[in-house]
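Given next are the chains, with one letter for each unit.
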Amino acid sequence: MVLSLKAILFVALHLLPGMKSSMVNLNNNGYDGMVIAINPSVPEDEKLIQNIKEMVIEASTYLFHATKRRVYFRNVSILIPLTWKSKSEYLMPKQESYDQADVIVANPYLKYGDDPYTLQYGQCGEKGQYIHFTPNFLLTNNLPIYGSRGRVFVHEWAHLRWGVFDEYNVDQPFYISRKNSIEATRCSTHITGINVVFKECQGSSCITRQCRRDSKTGLYEAKCTFIPEKSQTTRDSIMFMQSLDSVTEFCTAETHNTEAPNLQNKMCNSRSTWDIIMNSEDFQNASPMTGTDPPPHPTFSLLKSKQRVVCLVLDKSGSMSSEDRLFQMNQAAELFLIQIIEKGSLTGMVTFESSATIQNYLTEITDHNAYEKILANLPQAAGGGTSICSGLRAGFQAIIHSNQNTSGSEIVLLTDGEDDNISLCFEEVKKSGSVIHTIALGSSAAKELEILSNMTGGHRFYANKDINGLIDAFSRISSRSGSITQQAIQLESKALNITGKKWINGTVPVDSTIGNDTFFVVTWTIQKPEIILQDPKGTKYKTSDFKENKLNIRSARLQIPGTAETGTWTYSLLNKHANSQMLTVTVTTRARSPTTLPVIATAHMSQSTTHYPSPMIVYAQVSQGFLPVLGINVTAIIETEDGHQVILELWDNGAGADTVKNDGIYSRYFTDYHGNGRYSLKVHAQAKNNMARLSLRQQQNKALYIPGYVENGKIILNPPRPEVKDDKAEAEIEDFSRLTSGGSFTVSGAPPAGNHTHVFPPGKITDLEAKVKEDHIQLSWTAPGKVLDKGKANSYIIRISKCFLDLREDFDNAALVNTSSLIPKEAGSIEHFEFKLEPFKIENGTKFYIAIQAIHEANVTSEVSNIAQAIKFIPPQDSSVPALGITITATSLAIWGLALILSIF
């Protein structure tokens, strides 16, 4: 049994990093287990499935050659939504689901964006979350714009699987090279093209002119566009422009453009994409296949989503009688059944101690009576030992007895006990095809519990002593189908220790994207409090309106009739007892309308396990549809087994742990370890004072939209991309509140609680900018902390050189800038510093390179920052400059005519 357990542990541990439980694995050069899921809102279209297959077949061969015969796609599952008609060839899914898919096919939110992209916000080399294709991209001919769909897929797969980044930069399309030439931001520099400004386009013709230099930056003006030659000879790079016929490889160390101001250089310390790929886990044991034959075609399985099947498997062993655990479990299970599980789901319940009892076979949740039947059987007394395997086996029996298949079903397993025999049913769990969500209650819950959720793609939670942890966990186990109207949304989860005879007040905003199926729930530990709830129009609900369960589990709930009023709801609770007691308030709701997508918050840690002193990153994504929500307060609450809480404000500032500014991903390093064991994560996102904004800008990490090509000396334009004008780049969004559990993670090797911050250095500065003003250089950057992105650094070291390589390869010996007057600010603040250029001689065209290190008080230094460039530029009287990468000959001079006629597709 030990060997089997080791093998399963190995598989489970490979699923630990990140939030997604991707089922992809690499065996003998072939990728198995990729899931492509179609959103339920996408209309049924057989052509869509056919085009997905053709894309993956082409991508497999392109990937095989791009990786020098190392990898290809072997087995792919396409998940058909429940909204499509059933067909005989559709199979039953196992753990495959929309919310854990590697690739999703979904309509864009609003009219912008058929650009394929990858949701990727981790560090260099870390896997992304998913690839998003729109149905329109898959059903229309985009060949001139992005290249073939198979090539686009490989570009996105490199983002998703290997954590590399784009080699272009839409915001900084040009830079001044070390050779003093203006270059397009690209890799490799062997890709040739021209730079033009389109003055005006009418019908099928455009007037162009040469790009002029900006008098302040020395770069081309903002409207300048790089148009590549259609015919190229260079083979790289796929992460710049996979649409070019000649491009079949990734940039290598020999061809990589380290100067380009792109995300690949910023995030990966100027290493090439191929270098990162070759260092990935996939390629540690993937040798090139011998011979010259192409790889075999991928095999496709069409899987049809089914009615949701959930079985609660609840611990009622003797230890559940302590610390009110049985009561709290029942309160949380009641909330799950009434408020979280969607209507139409099949739900059963099993209780277990040394043995297990099926309390309810599967019942379809259609109305009040359906869940009352299950609630009536919640355990009222605790006793006996703990046999988790008995509980799971009974859960499988409850599902099978109801003529359902365990494949694709979900089990919610809650336990507080130790169990040395849990590994005995690992093989049965794997074979069942079920998804196991685990909730560890208290510090003594079986240590192997998370292996069950890791191996099946389920959520993992840890709840400490108060009821909120359990409620938050159950609230997170919502629909996995991708149907936004089915998902329960948590607005509030607050625990309040109120002294005797005292009132407590609070508010909950209900925004216009939500309001259906809205519940206010109050729990108590001694005596039911007096409750007053008022809606935004002044309607009051009193204690008598809040209904109690017949089982007396110390909770009362009010379902708001119809749709909840938009605005601020206020509540007041009076502890009528003479002694202090713990009161909790929980508010859940659902989307107001199928056509108006609600604001959603999700959260997770960068890893599920860590060994001290590795820092972790907290991630929270706040979005409406696929659009990022900006300008809000996002707070993470991390709790240890001993009840110690760490509260972190998360940032979307593009510095420290945050990859890209204003992308709706809020991040922060976590280093405040307090002992070993399980930690829980909860995130609260709040929009206050009308500060929130919805970003309509393009997504990051996407296939580049090619404006056109130069072919035989003539510019052939693609249709213009639907652009968001600057004045419409952001939309106002009303105040809201969202709360979500980010699950649990496990820490080992940590010292006891105390100050151990000296282990972690200040964070690396990644956004240093520089410019020359007369005989001074002005710098700006985001301040790191004393400990990564927390606190204040002790001091800065700034060095300058006229040679880029001096700073990159020998920073410590470059010229030192006097920073005696520079006092570091708090982490996250914007720093500004100006110094005189001595003893350097400044002439027109003189370039300077500057970099910074932050210093910890214990003389621990950060990594060297990004290298900023500053150039002294005095514009010539004739500001026209030749095009990049093209020789001006008699033939090509026509390109620069002011009345050039351009062909448009």
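You can see Ser680 is positioned in strand β37 (residues 677–687). With residues up to four places along the chain from it excluded, the contact list for Ser680 reads Tyr462, Ile637, Ile638, Glu639, Gly743 and Ser744.

Where helix α9 (residues 325–340) meets helix α14 (residues 467–476), the closest approach of the two axes is 9 Å, and the angle between their N-to-C directions is 30°. Classified by the angle between their axes, α9 and α14 sit roughly parallel to one another. Where α9 crosses over α14, the handedness of that crossing is right-handed. On the side of α9, the interface is formed by Gln328, Met329, Gln331, Ala332, Ala333, Leu335, Phe336 and Ile340, while α14 contributes Ile467, Leu470, Ile471, Phe474 and Ser475. For the contact of α9 with α14, the class distribution of residues is 10 nonpolar, 3 polar and no charged.

Side-chain pairs of opposite charge can arise whenever the charged atoms involved come near each other. Enumeration according to the criterion identifies 27 salt bridges in this entry. Salt-bridge contacts for Lys682 lead to Asp472; the nearest nitrogen and oxygen are separated by 3.2 Å. You can see Lys682 sitting in strand β37 and its partner Asp472 sitting in helix α14, a full 210 residues away along the chain. Among the residues examined, Lys682 registers a relative accessible area of 18% and is labelled buried. Glu565 is the salt-bridge partner of Lys537, the closest N and O atoms lying 3.8 Å from each other. Taken together, the positions of Lys537 in the loop between β24 (530–534) and β25 (540–542) and Glu565 in the loop between β27 (555–559) and β28 (567–574) put the pair 28 residues apart, joining distant regions of the chain. Through salt bridges that share partners, Arg308, Glu342 and Glu410 make up one connected network.

The strand order β17-β16-β15-β18-β19-β20 describes an open sheet built from 6 strands, whose pairing is mixed. Two strands close off the open sheet at either side, each with one partner strand: β17 (356–364) and β20 (460–463). Adjacent strand axes in the sheet meet at a mean angle of 15°, parallel and antiparallel pairs treated alike. With 6 bridges joining them, strand β18 (residues 410–415) and strand β19 (residues 435–441) adopt parallel strand pairing. Within β19, the residue paired with Leu413 across the bridge is Thr438. Sheet strands in contact with helix α11 (residues 388–401) are β15 (309–315), β16 (346–352), β17, β18 and β19, and its direction is about 35° off that of β17.

Time to look at the environment of Gly417. One can find Gly417 in the loop between β18 and α12 (426–432). Sequence spacing of Gly417 and Ile388 is 29 residues, and the spatial spacing of their C-alpha atoms is 8.9 Å. Among residues more than four places away in sequence, those in contact with Gly417 are Asp315, Ser319, Thr386, Ser444, Ala445 and Ala446.

Okay, the nonpolar core next. Within the largest apolar cluster, 74 residues are counted, with the highest numbers of intra-cluster contacts made by Ile38, Phe73, Trp157, Trp162 and Phe250. For this core, the leading source of residues is helix α2 (residues 46–66), giving 9 residues. In contact with Phe73, other than residues within four places in its own chain, are Tyr31, Met34, Val56, Ala59, Ser60, Leu63, Phe153, Trp157, Pro296 and Pro298. Judged by nonpolar contacts, the second largest core, of 55 residues, contains Val618, Tyr619, Leu627 and Phe760.

Attention shifts here to the environment of Phe174. Here Phe174 lies in strand β9 (residues 174–176). By relative accessible area, Phe174 is classed as buried at 4%. Spatially, the C-alpha atom of Phe174 lies 9.6 Å from that of Glu221, the residues being 47 residues apart in sequence. Setting aside chain neighbours within four positions, we find Phe174 in contact with Ile182, Glu183, Ala184, Thr185, Asn195, Leu219, Tyr220, Cys224, Thr225 and Phe226.

Take the sheet that holds strand β8 (residues 130–133) next. Read from one edge of the open sheet, 6 strands run β7-β8-β6-β3-β5-β14, paired in mixed fashion. Two strands lie at the open edges of the sheet, namely β7 (117–119) and β14 (299–304), each paired on one side alone. Neighbour-to-neighbour, the strand axes of the sheet open up by a mean angle of 25°, direction not taken into account. The sheet contact formed by strand β3 (residues 34–38) and strand β5 (residues 75–80) spans 4 bridges and is parallel. Bridging across to β5, Val35 finds its partner in Ser77. Here α2 sits on the sheet and contacts β3, β5, β6 (103–105), β8 and β14; the angle it forms with β3, its principal contact strand, is near 150°. Taken strand by strand, helix α5 (residues 149–162) contacts β3, β6, β7 and β8, and its axis lies near 150° from that of β8.

Moving on, we get to the packing of α9 against helix α10 (residues 368–375). Two elements in contact, α9 and α10, have axes separated by 10 Å at closest approach and are oriented at 165°. The angle between the axes of α9 and α10 places the two elements in the roughly antiparallel class. Remark: the crossing between α9 and α10 carries right-handed chirality. Within the contact between the two elements, α9 uses Glu334, Leu337 and Ile338 and α10 uses Tyr371, Ile374 and Leu375. Residue composition of the contact of α9 with α10, grouped by class: 5 nonpolar, no polar and 1 charged.

This next bit is on the confidence of the model for the protein. On average, residues of the protein score 89 in pLDDT, and 92% of them reach the 70 mark or higher. Mean pLDDT across the elements of the protein bottoms out in strand β50 (residues 903–904) (30) and peaks in strand β4 (residues 72–73) (98). Every residue in residues 1–18 is under pLDDT 50, and counting partners more than four places away or in other chains gives 29 contacts. In the model, residues 879–905 has pLDDT below 50 throughout and makes 74 contacts with residues more than four positions away in sequence or in other chains.

All right, on to the packing of aromatic side chains then. Taken as a whole and judged by the stated rule, the model has 29 aromatic pairs. Between Tyr612 and Tyr673, the ring centres sit 5.7 Å apart and the planes meet at 85°, which makes this aromatic pair edge-to-face. Taken together, the positions of Tyr612 in the loop between β31 (609–611) and β32 (616–624) and Tyr673 in the loop between β36 (665–670) and β37 put the pair 61 residues apart, joining distant regions of the chain. With respect to class, Tyr612 is no different from Tyr673; both count as buried. Three or more aromatic residues joined by ring pairs make a cluster, and in this case those are Tyr31, Phe73, Phe133, Phe137, Tyr146, Phe153, Trp157 and Tyr705. The positively charged end of Lys230 is found above the aromatic ring belonging to Tyr709, 4.2 Å away from the centroid. Arg554 extends its terminal NZ or CZ atom over the ring of Phe327, reaching a point 3.8 Å from the ring centre.

About the thresholds
- Residues numbered from 1 in each chain as written.
- Predicted model: local features only at pLDDT ≥ 70, side-chain atom pairs only at ≥ 80, totals over all residues.
- Heavy atoms only, no water.
- Helix = DSSP H or I, 4+ residues; strand = E, 2+ residues; numbered from the N terminus.
- Contact = heavy atoms within 4.5 Å.
- Axes fitted to C-alpha atoms, helices over the stretch in contact; angles between N-to-C directions.
- Parallel < 35°, antiparallel > 145°, perpendicular 65-115°, else oblique.
- Left-handed = near helix turned anticlockwise from the far one by under 90°.
- Nonpolar A, V, L, I, M, F, W, Y, C, P; charged D, E, K, R; others polar.
- Salt bridge = Lys/Arg side-chain N within 4 Å of Asp/Glu carboxyl O.
- Buried < 20%, exposed > 50% of the residue type's maximum accessible area, 1.4 Å probe, protein only.
- Pairing = 2+ DSSP bridges.
- Core = buried A, V, L, I, M, F, W, Y, C linked by side-chain atoms within 4.5 Å.
- pLDDT = per-residue confidence, 0-100.
- Phe/Tyr/Trp six-rings, centres within 6.5 Å; stacked < 30°, edge-to-face > 60°.
- Lys NZ or Arg CZ within 6 Å of the ring centre and 35° of its normal.

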